[in-house]
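Residue strings, one per chain:
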Amino acid sequence: GMAITPTGVIIADFVKEWLAFTDVKPATQANYNKAVKKFFSYLRKENITQPTRQDVINFRDSILTTCKPSTVQLYLTAVKLFFRFLASKEYYINIADHIKGVKVDHSHKKDALTTEDSRLVLKSIDTSTLQGKRNIAIIALMMSCGLRSIEVIRADVGDIEHSYNKTFLKVWGKGRDGKVDRVLVPPQVENLINQYLAARGAIADNEPLFTSISHRNKGQRLQTQTISRLVKSTFKNVGLNTPRLTCHSLRHT
C-alpha cells in the first residue's frame, strides 16, 4: 500500500478531490474537512504514515476524551466516508469500514413546558410596547407551531398565506435550501402576529416578519442569540430558571 504521509501535499489533494465528490452542503463539507484534518494531525503526532484500522479506533477513543459524543460521531463519519472514497479510487485500502461509532443520546436534553407554565409565560409579557407585542408573537408561534429559532428568523412578512379560511406560515427549515414546509397558524397566534405587524406600520412582503428593535440593528432580521435571550428572560420572569428550559423547549412544548 502507498504511504499516506500526513504532511504530504498528496493528502490535501485527496481531501480536495473527495470534498468535490461529496454531494453535501458547504457547511457539512467544512465539518468533514475539519474532521479529516483532525485525523491527520493525530497521525502526525503519533508518527503514523500508513494508518491501519487500529489507528482509526485509537483516534476515535482519543477524541472521546475531549469531544462530545455527537462530535466524535461526526468526525468518525467523515473519516469513514473519506476512506471509502480512497478505496473506491484505489488510492488506499478502506481501513475505516465497520468501525463502531459512539452512542449518542438523542433523548431530549431540553424539557417541554407544562400547559400551566405556557400560560404563565404568555400572560407575563407586557404587550403595551412594540417589543412585548413582538415577543409574545414569537413565543406563541414557536410554542404552537414547534418552530426552531432559525425558522422564526428566516420568516418574511409575505410567508404568511391564507387559503381555505386558514392561515399558514411558509417555513424554511434546517438544512433546506428554500421555503418548503407550511405550518398551520392558529387564529389566536395569527392575532398576536397581526397586532405586532400593525404596531410596526407599513411593511413590505419581503421584509423580515420579526425585526430587531435595538438602536444598532433597528428594523433588521433578528439573530439566534436575540431569540434565545428573550425567551430565557421571559422564562426567568415567571420563575422558570433552569438550564433544562431553553428556547428549544418551546419546540418540544
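Rules of the game
- Residues numbered from 1 in each chain as written.
- Predicted model: local features only at pLDDT ≥ 70, side-chain atom pairs only at ≥ 80, totals over all residues.
- Heavy atoms only, no water.
- Helix = DSSP H or I, 4+ residues; strand = E, 2+ residues; numbered from the N terminus.
- Rg over C-alpha atoms; globule rule 2.2 N^0.38 Å.
- Buried < 20%, exposed > 50% of the residue type's maximum accessible area, 1.4 Å probe, protein only.
- Contact = heavy atoms within 4.5 Å.
- Areas by Shrake-Rupley, 256 points an atom, 1.4 Å probe, with all protein chains shown as cover.
- Expected span 1.5 Å × (residues − 1).
- Salt bridge = Lys/Arg side-chain N within 4 Å of Asp/Glu carboxyl O.
- Arc of directions from axis to C-beta.
- Polar contact = N/O pair within 3.5 Å; in protein donor to acceptor, adjacent residues only side chain to side chain.
- Axes fitted to C-alpha atoms, helices over the stretch in contact; angles between N-to-C directions.
- Parallel < 35°, antiparallel > 145°, perpendicular 65-115°, else oblique.
- Left-handed = near helix turned anticlockwise from the far one by under 90°.
- Core = buried A, V, L, I, M, F, W, Y, C linked by side-chain atoms within 4.5 Å.

A.B. asks: Would you take a moment to explain the overall build of the protein chain for this structure?
C.D. replies: Of the regular secondary structure elements, the protein chain holds ten helices and three strands. The C-alpha radius of gyration of the protein chain comes to 24 Å, more than 25% above the 18 Å expected for a compact globule of 253 residues. Its C-alpha atoms put the protein chain at 70 × 40 × 40 Å along the principal axes. Here the protein chain holds 253 residues, and the buried ones make up 38% of them. The contacts in the protein chain between residues at least 6 apart in sequence include a share of 59% that link residues at least 24 apart. Accessible area for the protein chain stands at about 14500 Å²; split by element, carbon and sulfur atoms hold 51% of it.

A.B. asks: Which parts of the structure should I look at to understand helix H3 (residues 53-64)?
C.D. replies: Residues spaced three or four apart along an α-helix point in a common direction, a consequence of the helix completing one turn every 3.6 residues. End to end, H3 covers 17 Å across twelve residues, agreeing with the expected 16 Å (1.5 Å per residue, within 8%). The inward-facing, buried residues of H3 contact helix H2 (26-45) and helix H4 (69-88).

A.B. asks: Could you clarify how one ought to interpret the pattern of salt bridges in this entry?
C.D. replies: Side-chain pairing between opposite charges can occur once the charged atoms of the two side chains come close. A complete count under the given rule lists eight salt bridges for this structure. Asp61 is the salt-bridge partner of Arg60, the closest N and O atoms lying 2.9 Å from each other. Judged by its relative accessible area of 14%, Arg60 is buried. On the accessibility criterion, Asp61 (37% relative accessible area) is partly exposed. One salt bridge connects Lys170 with Glu161, and the closest N-O pair in it is separated by 3.6 Å. It is possible to trace a salt-bridge network through shared partners that takes in Glu161, Lys170 and Arg182.

A.B. asks: Explain the side chain of Thr22 here, please?
C.D. replies: For Thr22, the location among the structural elements is in the loop between helix H1 (9-21) and H2. Overall, the relative accessible area of 14% leaves Thr22 in the buried class.

A.B. asks: Help me out: how do you make sense of helix H9 (residues 224-237) in this one?
C.D. replies: Compared with an ideal rise of 1.5 Å per residue, which puts 14 residues at 20 Å, H9 spans 20 Å between its outermost C-alpha atoms and is within 8% of the ideal. When H9 is considered as a whole, its buried residues turn out to be Thr226, Ile227, Leu230, Val231, Thr234 and Phe235. One face of H9 carries all of its buried residues, which in axial projection span an arc of 165 degrees. Packing partners of the buried residues in H9 comprise helix H5 (115-123), helix H6 (130-145), helix H7 (149-154) and helix H10 (249-252). Residue Gly239 follows H9 closely and has a positive phi angle near 80 degrees.

A.B. asks: Got a minute to help me understand the environment of Pro243 in this structure?
C.D. replies: Its place among the elements puts Pro243 in the loop between H9 and H10. The class of Pro243 is exposed, set by a relative accessible area of 69%. For Pro243 and Asp111, which are 132 residues apart along the polypeptide, the C-alpha to C-alpha distance reads 9.3 Å.

A.B. asks: Hey, could you run me through the environment of His98 in this one?
C.D. replies: With respect to the helices and strands, His98 occurs in the loop between H4 and H5. A C-alpha to C-alpha distance of 47 Å links His98 and Leu209, two positions 111 residues apart in sequence. Side-chain polar atoms of His98 contact the side chain of Asp97, separated by 3.4 Å.

A.B. asks: Got a minute to help me understand the packing of H3 against H4 in this structure?
C.D. replies: Interaxial distance between H3 and H4 falls to 10 Å at its minimum, and their mutual angle equals 160 degrees. In terms of orientation, H3 and H4 fall into the roughly antiparallel class. Of the two possible hands of crossing, H3 and H4 adopt the one that is right-handed. Residue-level contacts link Val56, Phe59, Arg60, Ile63 and Leu64 of H3 to Val72, Tyr75, Leu76 and Val79 of H4.

A.B. asks: Help me out: how do you make sense of the nonpolar core in this one?
C.D. replies: The nonpolar side chains of soluble globular proteins are, as a tendency, buried together. Counting 37 residues, the largest nonpolar core has Leu141, Leu147, Leu169 and Phe210 as the members making the most contacts within it. Of all the secondary structure elements, the ones that give two or more residues to this core are H6, H7, strand E2 (166-171), helix H8 (187-200) and H9. In terms of residues, this core owes the most to one element, H6, which gives nine residues. Ignoring any residue separated from it by four or fewer positions in sequence, one finds Leu147 in contact with Leu141, Met142, Val152, Leu169, Val171, Val183 and Arg251.

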